[in-house]
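Descriptive structure summary
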Amino acid sequence: AIGANSPAAHSILKSDYKEDLTLNDALNLAIKVLSKTMDSTTLTPDRLELATLLRKEGKVMYHQLQESELEKLLKDSGLLAPPKPESE
């Protein structure tokens, strides 16, 4: 949920959404919106849940992204939070 930050989300979607986005482009846009609207200052795979719905050969396919997929998506978009330093 976006909540109080919905104006920022609307602004990003209005400027960046295109009708012909690929699935990967749409996922990157979703990550961008979340990065600007979440109350957290960092994005990590363990704090996100994303899923896709596709229609293939007349069937609806649901896929919830795994933590490794989210990590790659965040890394590719330059939004992956740096790892926490280990305690000494």
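Up top you'll find the structure we're talking about.
The following refers to the structure shown. A quick note: this is a predicted structure, and the numbers were derived from the prediction, not measured.

**What about the overall build of the chain?**
The secondary structure content of the chain amounts to three helices and two strands. Listing each helix as α and each strand as β along the chain from the N terminus yields α-α-β-β-α. Over its C-alpha atoms, taken along the principal directions, the chain stretches across nearly 55 × 30 × 20 Å. Relative to its full complement of 88 residues, the chain shows a buried share of 22%. Residue pairs at least 24 apart in sequence account for 43% of intrachain contacts in the chain once pairs closer than 6 positions are excluded. Here the chain has roughly 7,000 Å² of accessible surface; of this, 51% comes from carbon and sulfur atoms.

Reading the values: rules and limits
Residue indices begin from 1 for each chain and proceed along its sequence in written order. Selection of residues for local features in this predicted model requires a pLDDT of at least 70, selection of side-chain atom pairs for listing and counting requires 80 or more, and totals for whole chains, interfaces and linings are taken over all residues. Side-chain descriptors were evaluated using all non-hydrogen atoms of the structure, hydrogens and water having been removed beforehand. Note on conventions: DSSP H or I runs of at least 4 residues are helices, E runs of at least 2 residues are strands, and numbering of each starts at the N terminus. The rule is simple: take the accessible area with a 1.4 Å probe, protein chains only, and divide by the maximum for that residue type; under 20% is buried, over 50% is exposed, in between is partly exposed. The criterion used for residue contact is that any of the two residues' heavy atoms lie within 4.5 Å. Working definition of accessibility: Shrake-Rupley area with a 1.4 Å probe, residue cover restricted to the visible protein chains.

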